[in-house]
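So the chains spell out like this:
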Amino acid sequence: NNSPILDFPPVDIACADVLFEHSPGAHDPNGDSLVYSIVANRGGGGSLISDYSFHNNVPGCTGSSLTINPSTGLLTWDAPVCCSIQGTIPEQEEFNIAILIEEFFPVTGKKRGSVLRDMQIEVDCDCENDPPVIIAPNQMCVFAGDTIDTTIVANDINADKITMTSSGEHLSLSNSPAVFPQPDVGDSTFSSVFHWNTNCGHVRNNPYTTIFRAEDNDPVVQLVDYHTLEIKIIAPRVENSVAIPEGNSIKLSWDPSPCAAS
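Residues numbered from 1 in each chain as written. Predicted model: local features only at pLDDT ≥ 70, side-chain atom pairs only at ≥ 80, totals over all residues. Heavy atoms only, no water.

## Focus: the state of the cysteines
All chains considered together, the criterion is met by two disulfides. Between the sulfur atoms of Cys15 and its disulfide mate Cys127 the distance is 1.9 Å. A residue pair is termed long-range when its members are at least 10 positions apart, and Cys15 in strand β2 (residues 11–15) and Cys127 in the loop between β9 (111–124) and β10 (133–135) qualify at 112 residues. Accessibility classification places Cys15 together with Cys127 in one group, the buried group. In this model Cys200 forms its disulfide with Cys259; the gap between the sulfur atoms is 2.0 Å. The sign of the S-S torsion, about -85°, decides the handedness of the disulfide formed by Cys200 and Cys259: left-handed. (Disulfide = S-S within 2.5 Å. Helix = DSSP H or I, 4+ residues; strand = E, 2+ residues; numbered from the N terminus. Buried < 20%, exposed > 50% of the residue type's maximum accessible area, 1.4 Å probe, protein only.)

Pasting the structure below:
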């Protein structure tokens, strides 16, 4: 068994009163199912911090909600609020959270291991920026042997330039890996193509998770948007089936599957 790999750094920047999203960019080399949750931070020696509290439970910081999608790992903070300290709002605040990533065997559902990530979020209390928005499909299901060419679009309403990157185990496969040009830099509206020549060796129970990341180049605070695309690769359908009656039985035949040797 191998632990999940996390492609995106555990430090991110947010603007106060603006929706914040983050993804660890996790994928599992063994194709295990990943489940995400927010847990309490730990201190010296890995011990739980006795007085730890989530941001939305801190006095003076109410009105915001911090959640994580258990399936995709997308962390959503709607929205960061700078806490008043003795009646004064600071220029910047730093918050730490811990994300637990558990891996489960896809057939039996048995837990195989976990990774605990501690991350830091720097909140700028006085910034005027909006994150880019990625437009892309959420799910795809294709037959092994099909070619995927899908356009990923990113827009920024503040006319900032955008840098787009992607994460996923299929981008580094030794057997016909997926291709996404990165880092890909464009204007406030631009598109890039995700390409993958799939084959029988890619068939498995769990979908492949692709996470796209778009970051703007605002001169003060660079904000980010994430989008998750799940790709399911299945074996080709049965072709040219023939049923021939023979006495009190029927002889059924079909073309050999191109994935038979797999």
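What follows picks up the thread again.
## A word on the packing of aromatic side chains
Within this structure, the stated rule accounts for six aromatic pairs. Ring geometry for Phe8 versus Tyr226: centroids 5.7 Å apart, planes at 55°, classification tilted. Within this pair, whereas Phe8 is found in the loop between β1 (5–6) and β2, its partner Tyr226 is found in strand β17 (residues 224–234), the two being separated by 218 residues in sequence. Accessibility expressed as a relative area gives 5% for Tyr226, which makes it buried. Their ring planes at 85° and their centres at 5.2 Å tell us that Trp196 and Tyr208 sit as a pair that is edge-to-face. Of this pair, Trp196 sits in strand β15 (residues 189–197) while Tyr208 is found in strand β16 (residues 208–216), placing the two residues 12 residues apart along the sequence. Overall, the relative accessible area of 5% leaves Tyr208 in the buried class. Stacked on the ring of Tyr208, the Lys or Arg Arg204 has its end atom at 3.8 Å from the ring centre. (Phe/Tyr/Trp six-rings, centres within 6.5 Å; stacked < 30°, edge-to-face > 60°. Lys NZ or Arg CZ within 6 Å of the ring centre and 35° of its normal.)

Take it as geometry only, folks, not as evidence of what the structure does.
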